[in-house]
Structure formats: C-alpha cells, structure tokens
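What the coordinates show
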Amino acid sequence: MIEPHAPAPPGTTPSWGGRARLPVRPDTGRFLVLAGVFVCAACGLVYELELVALASYLIGDSVTQASVVLSVMVFAMGIGSLAAKRLRPRAAAGFGAIEAVLALVGGCSALALYAVFAWTGDWGGPWAHAPRALLVTFSLVIGLLIGAEVPLLMELIQRIRRQDAGGAVADLFAADYVGALVGGLAFPFLLLPLLGQLTSALITGGVNAVVGAALVLGVFRADLSPRARRVLLAVNLAVLGVLAVAAVLVDDFERAARHAVYGQDVRVAVRTGTQEVVITGGTGGRPLDLFLDGRLRVSGRDEGRYHEALVHPAMNGGHARVLILGGGDGLAAREVLRHPGVRRVDIVESDPEVVRLAREDPPLSRLNGYVYGDPRVRVRDSDAFHMLRSVPPGSYDVIVSDLPDPGVTDSAKLYSQEFYGLARRALTPNGRLAVHAGPVSPDPRVFRTVEATLRAAGLRTTPYSLAPRDPAAGAPDDWGFVLAGRDGPPPLRANPAAGVRAAEASRGAGLPASTLVHPRY
C-alpha cells in the first residue's frame with residue numbers, strides 16, 4: 001500500500017539517526033547526489049530508447065514497439081518505487097546494488113535481444129515470439145530498477161540536509177528530468193551514429209556502474225560496513241569487466257549475428273546515419289539482396305519483375321521528366337531509361353550511402369545498368385516529403401514512388417493524403433503517379449488503404465498487382481501497386497484469371513514478357 005506521509009518541518013531529526021557522516025561539505029554532497037540523479041536518468045532513458053530502436057529494427061512497427069516498451073517500463077517503475085520502501089533503512093547499500101544490476105541488465109539488453117533474434121528467430125512455433133517476450137522482460141526489469149532509484153535517492157538527499165519533502169522532490173525531479181532530456185537527445189544524435197546500437201548500450205551501462213558506485217563509495221561510504229564496501233566494489237568491477245569484454249568483442253558478435261540472419265554471403269554491412277545497409281550475394285552467380293534495417297529491399301531473384309511492374313505502366317504517355325522517390329539503388333531508374341524520350345530523371349534518396357553503394361559497388365552498379373553514369377540522372381539527398389513541397393506545380397510527367405513498405409511505421413507520412421496531395425500538385429495535368437502499395441496477400445488492408453488515400457487526395461486510381469508466377473498453382477500475389485493520375489490513369493487491359501504481359505497492359509511500352517499484371521478490383 002502507499003503509505004500516507006506528512007513532510008517533516010525543517011530541522012526535524014529523522015528517526016534513523018540524523019545527518020549522514022559525509023567526507024564532503026553538505027552542499028557539495030547535495031550537488032553530487034543531484035549529479036548522480038542526472039547521469040542515472042540519462043542512462044535510464046538511453047536503455048529505453050535502445051530497446052525501442054532495436055525492437056523496431058528486429059521486429060518492425062516502431063509505434064507498437066515504443067508503446068510496449070514505454071508502457072511496460074512506466075508500469076514497472078511504479079512497482080519498483082513501492083518495492084524500494086523496504087530498502088530505505090539501508091538506502092546507500094540498496095542504491096549501489098540496484099545501479100550495479102541496472103548497469104549489467106541495461107548494458108547487455110540490446111546484445112541479448114539481438115542474439116535471440118539472430119540465432120533463434122527462425123525456429124518457429126512458440127519460440128517465434130521469443131524476441132517479443134524478451135523485449136517485455138527487459139522493459140519490466142529495467143523499469144523496476146529505475147523506479148527503485150527514486151525513493152532511495154530521496155532518502156539519501158534527505159540524509160545530507162533535511163528539508164521539506166516538496167523541496168526535495170522538486171530538486172530530485174528537476175535533475176531527473178534534465179538528465180532524461182540529455183539522454184534522449186544524446187542517443188539519436190551522438191551515441192547511435194557514432195557507436196551503433198550495441199556499443200552505445202554497453203558504454204551507457206559502464207557509465208551507469210561507475211557513477212552509481214562512485215556516489216555510494218565516495219559520498220556515503222560511512223553508511224556501509226567494510227565488508228559491504230568490498231562486496232559492492234567487487235560487484236561493480238565484475239560488471240565493468242563483463243561490459244568491457246562485450247564491448248571489445250561486439251564487432252565479432254555483430255558479424256556472426258549478421259551471418260546468422262542474412263547467411264554467410266554478407267559482402268557489405270554499413271551503419272549510416274539513418275539505417276543499417278547490408279548487401280549479400282551479387283558475385284559468383286549468387287543473386288544480390290539488399291537489406292535496409294533488416295528488411296529485404298531488393299531481391300536479385302525477382303527485382304526485375306517488381307521494378308518492371310512498378311515503372312512501365314506509368315510510362316504510358318508523356319514521360320520526358322520523371323521523378324523517382326526513393327529508389328536510390330538505381331533499379332527503378334534503369335527501367336525508366338529504357339523508354340525513349342526521357343530527358344531527365346530526378347532521384348530523391350534520403351540516405352546518400354545507398355546512392356554511393358549503387359554507384360561504386362560493382363555488383364549493384366552492374367545490376368542497375370550503371371544508371372548513375374547517365375547525364376540525364378540527377379540525385380537529390382532529401383526527404384521525399386520535403387522535396388515535393390519545394391518543387392513548382394506541374395514539374396513532372398511521371399512520379400514513381402519506390403519507397404519502403406507502407407506497413408513500416410517510419411514511412412507512414414510518405415503514404416499520407418498530404419504526401420499524395422503534394423505529388424498531385426507536382427504532376428502535369430496528364431501526369432501519372434505509380435505507387436508501391438505493399439504486399440497484397442495475405443492481408444490486403446494496407447494495400448486498399450493506400451489506394452483509398454490516393455483517391456482522397458484527388459487522384460483517379462487503378463490498383464493492380466503482379467500475377468503469380470504459376471497461376472495454375474494458385475500461389476499468392478507478391479506486390480501490389482496503384483497507378484494514379486490527375487485526370488485518370490491509363491487503363492490496364494488484363495485477364496484477371498491468368499494475367500497478361502505488362503507490355504500489353506501499358507499499350508506496347510516494351511516491357512519484358514516476364515512481368516504479369518492484372519487489375520485488383
């Protein structure tokens with residue numbers, strides 16, 4: 001139960017024996033405690049954001065993962081605060097032990113989550129949910145430990161100089177919230193770009209352990225027996241040793257985990273400012289696969305069918321000026337340049353590292369037909385939404401939206417009504433917009449939502465999809481697309497039962513016979 005509490009008047013002697021015996025002046029002691037609160041709060045928020053980022057990368061749907069992590073962690077913080085009341089008589093020892101455990105659990109959480117996903121993610125059965133269960137477990141444990149910090153820190157700060165509870169809470173929470181702000185900003189702008197997900201968690205754990213041990217052993221060592229001081233020091237040294245060994249071996253661990261996830265044919269693995277780019281195959285007759293943040297973006301086995309179906313129906317009509325949103329791999333541009341009469345192709349790619357690889361990686365540049373050597377191709381390093389806001393009306397005859405799946409929350413704004421309204425404004429009166437609308441099977445809701453959003457933006461639409469490779473076998477469709485225009489897209493003539501060549505559907509656009517399309521509704 002939550003116990004009623006009336007703040008004691010200033011100067012009242014607490015029942016546990018008065019002020020602590022400190023090796024520093026009281027004002028210095030208070031400053032050191034509040035500095036410890038600041039650092040511990042920053043570390044706690046980094047643990048939270050680390051779990052959210054890694055879960056979004058491994059499991060997908062960042063909104064769901066953020067909701068799970070934050071809600072479970074906040075709930076656990078309340079339980080931890082209640083449980084910590086029993087430790088108040090031994091606040092210094094309890095706080096030191098909690099910080100050591102939090103440093104170990106929080107620092108190793110990302111490593112453990114990645115290991116479970118990499119080596120057991122394909123087991124199937126009940127174990128298929130192991131990464132999600134582990135995510136909830138870490139969120140719960142870290143939340144319990146973070147919540148237990150606050151009552152103990154309140155006890156410690158009151159031992160230095162007794163004050164009314166309201167003033168102590170204000171000081172404590174001010175340091176806590178400012179620390180959370182610094183940790184929240186440091187993770188995306190400093191730790192993640194410079195150190196990566198795993199190393200940043202390990203270093204944060206090391207900082208957490210050092211600060212927690214230094215505060216207890218430096219300021220409140222008189223509250224601990226000589227044996228307790230030795231045990232606490234030994235535990236923190238062991239935690240720091242584990243974190244240091246993990247940090248030294250993290251590169252080898254990441255390489256082994258990538259091989260477990262992507263196979264033994266990983267040629268390129270690059271952490272950019274926004275995502276991880278992995279390329280496998282492309283040599284020795286092996287098909288090239290491109291992964292962005294763990295999601296397959298290009299499959300060399302059938303990327304031709306995908307890009308043909310995306311691009312060629314939209315090229316039926318005037319196509320002198322073409323805009324490709326996404327598509328930094330150059331594969332959509334390859335299909336665009338097959339059509340005579342193309343004078344300019346603008347590619348908008350938010351990650352310049354993808355463009356660099358498409359230019360310089362021999363297998364990938366060979367696959368895209370060396371499009372970046374064509375003077376008609378221009379690249380703009382920008383967010384697609386912001387780019388569309390800056391272009392004059394009627395700038396393009398064709399816009400090709402080759403963006404990540406709409407089911408990925410991070411790209412939700414690129415499938416919004418506002419985004420399609422900007423694309424409509426950028427089209428000429430007879431221009432066409434081709435949109436990759438995600439997989440059709442087994443659940444067509446996302447696909448239908450994309451088509452409905454295009455119509456809500458004032459565009460006329462024709463949804464279609466790739467027909468199965470073997471229609472007689474009844475295999476499910478792979479990708480869905482929507483062809484849209486201000487005055488109506490060109491019709492797709494097709495046989496819904498068996499499918500026809502997209503060359504026929506796009507009225508002789510010269511599309512290879514490998515691609516089959518048919519209307520969806």
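What this report covers is the structure whose coordinates are included nearby.

The rules behind each value
- Residues numbered from 1 in each chain as written.
- Predicted model: local features only at pLDDT ≥ 70, side-chain atom pairs only at ≥ 80, totals over all residues.
- Heavy atoms only, no water.
- Helix = DSSP H or I, 4+ residues; strand = E, 2+ residues; numbered from the N terminus.
- Buried < 20%, exposed > 50% of the residue type's maximum accessible area, 1.4 Å probe, protein only.
- Contact = heavy atoms within 4.5 Å.
- Areas by Shrake-Rupley, 256 points an atom, 1.4 Å probe, with all protein chains shown as cover.
- Expected span 1.5 Å × (residues − 1).
- Bend = angle between axes of the 7 residues up to and from the residue.
- Salt bridge = Lys/Arg side-chain N within 4 Å of Asp/Glu carboxyl O.
- Phe/Tyr/Trp six-rings, centres within 6.5 Å; stacked < 30°, edge-to-face > 60°.
- Core = buried A, V, L, I, M, F, W, Y, C linked by side-chain atoms within 4.5 Å.
- Pairing = 2+ DSSP bridges.
- Axes fitted to C-alpha atoms, helices over the stretch in contact; angles between N-to-C directions.
- Patch = residues over 30% accessible without salt bridge, like charges linked within 9 Å, V, L, I, M, F, W, Y side chains within 5 Å.
- Right-handed = clockwise from strand over helix to strand, strands pointing away.
- Disulfide = S-S within 2.5 Å.

**What about the overall build of the protein?**
Scanning the protein from terminus to terminus reveals 14 helices and 13 strands. Among the 521 residues that make up the protein, the fraction classed as buried is 52%. By sequence separation, contacts in the protein at least 24 residues apart represent 72% of the contacts at least 6 residues apart. Summed over all atoms, the accessible surface of the protein reaches about 22,800 Å², with 61% contributed by carbon and sulfur.

**Concerning helix 6 (residues 226–262)**
Its 37 residues place the ends of helix 6 52 Å apart at the C-alpha level, agreeing with the 54 Å of an ideal helix rising 1.5 Å per residue. Most pronounced at Leu 249, the bend in helix 6 amounts to some 55 degrees. Within the span of helix 6, buried status applies to Leu 232, Asn 236, Val 239, Leu 243, Ala 246, Val 250, Phe 253, Glu 254, Ala 257, Arg 258 and Tyr 262. Contact partners of the buried residues in helix 6: helix 1 (26–58), helix 3 (91–120), helix 5 (165–219), strand 1 (266–271), strand 2 (276–280) and strand 3 (289–292). Within two residues after helix 6, Gly 263 carries a phi angle of roughly 95 degrees, on the positive side.

**Details of the pattern of salt bridges**
All told, the structure shown has 18 salt bridges when counted by the stated rule. Linking Arg 255 and Asp 252 is a salt bridge whose minimum nitrogen-to-oxygen distance equals 2.2 Å. You can see Arg 255 and its partner Asp 252 sitting in helix 6, 3 residues apart, about one turn around the helix. Between Glu 335 and Arg 334 there is a salt bridge, and its shortest N-O distance comes to 2.9 Å. Grouping residues by exposure puts Glu 335 and Arg 334 together as buried. One network of salt bridges, with partners in common, ties together Glu 303, Arg 334, Glu 335 and Arg 338.

**Some points on the packing of aromatic side chains**
Scanning the model with the defined rule gives 8 aromatic pairs in all. Look at Trp 119 and Phe 253: their rings are 5.6 Å apart centre to centre, the planes differ by 55 degrees, and that puts the pair in the tilted class. Remark: Phe 253 occurs in helix 6 and Trp 119 occurs in helix 3; sequence separation between them is 134 residues. Consider the rings of Tyr 262 and Phe 291, whose centres lie 4.6 Å apart with planes at 50 degrees: the pair is tilted. You can see Tyr 262 sitting in helix 6 and its partner Phe 291 sitting in strand 3, a full 29 residues away along the chain. Its relative accessible area of 13% is what places Phe 291 among the buried residues. A connected cluster of aromatic rings, assembled from ring pairs, spans Tyr 114, Trp 119 and Phe 253.

**Observations concerning the nonpolar core**
Generally speaking, a soluble globular protein has its nonpolar side chains buried in company with each other. Val 33, Leu 51, Phe 95, Tyr 114 and Ile 142 are the most contacted members of the largest nonpolar core, which has 63 residues in total. Sorting the residues of this core by element identifies helix 1, helix 2 (62–83), helix 3, helix 4 (130–160), helix 5 and helix 6 as the ones contributing at least two each. Discounting residues that sit within four places of it in the chain, Tyr 114 has contacts with Leu 54, Tyr 57, Leu 58, Leu 198, Phe 253, Ala 257 and Arg 258. Ranked by size, the runner-up nonpolar core spans 40 residues in total, among them Leu 292, Val 311, Val 377 and Leu 466.

**Concerning the sheet that holds strand 4 (residues 295–299)**
Strand order in the open sheet formed by 4 strands is 1-2-3-4, and the pairing between neighbours is antiparallel. Each end of this open sheet is capped by a strand with a single partner; those strands are strand 1 and strand 4. Taking the axes of each pair of neighbouring strands and ignoring which way they run, one obtains an average angle of 15 degrees across the sheet. As paired elements, strand 3 and strand 4 share 4 bridges and run antiparallel to each other. Bridging from a neighbouring strand, Leu 292 pairs with Arg 295 of strand 4. Here helix 6 sits on the sheet and contacts strand 1, strand 2 and strand 3; the angle it forms with strand 2, its principal contact strand, is near 60 degrees.

**Remarks on a nonpolar patch on the surface**
Together, Phe 75, Ile 79, Leu 82, Leu 140, Val 141 and Leu 144 make up a nonpolar patch on the protein surface, roughly 470 Å² of accessible area in all. Among the elements of the structure, helix 2 and helix 4 are those that each provide at least two residues to the nonpolar patch. Structurally, the position occupied by Ile 79 is in helix 2. Ile 79 gets classed as partly exposed once you look at its relative accessible area, which sits at 38%.

**What to know about the pairing of strand 6 (residues 344–349)**
With 5 of its 6 residues buried, strand 6 lies for the most part within the structure. Each parallel crossover has a hand, and the one from strand 5 (residues 321–326) via helix 8 (residues 331–336) to strand 6 is right-handed. In terms of strand pairing, strand 6 meets strand 7 (residues 377–381) through 5 bridges, oriented parallel. Paired with Ile 347 across the strands is Val 379, a residue of strand 7.

**Section: the pairing of strand 1**
On a regular strand, each side chain points to the face opposite its neighbour's, so the side chains alternate between the two faces of the sheet. As defined by bridge partners, strand 1 adjoins strand 2 across 5 bridges and the pair is classed as antiparallel. Across the sheet, Val 270 pairs through a bridge with Val 277, a residue of strand 2. Linking strand 1 back to strand 2 in an antiparallel pair, the connection comprises 4 residues.

**So, unusual backbone geometry**
Non-glycine residue Tyr 370 carries a positive phi angle of around 55 degrees. With respect to the secondary-structure elements, Tyr 370 resides in the loop between helix 10 (362–367) and strand 7.

**Structural notes on the state of the cysteines**
In this structure the tally under the stated criterion is 0 disulfides. You can see Cys 40 has no disulfide; the closest cysteine sulfur is in Cys 43, sitting 6.3 Å from it.

**A look at the environment of Ala 246**
For Ala 246, the position within the fold is in helix 6. For the pair Ala 246 and Ile 203, spaced 43 residues apart in sequence, the C-alpha separation works out to 10.0 Å. Excluding anything up to four places from it in sequence, Ala 246 contacts Leu 111 and Leu 202.

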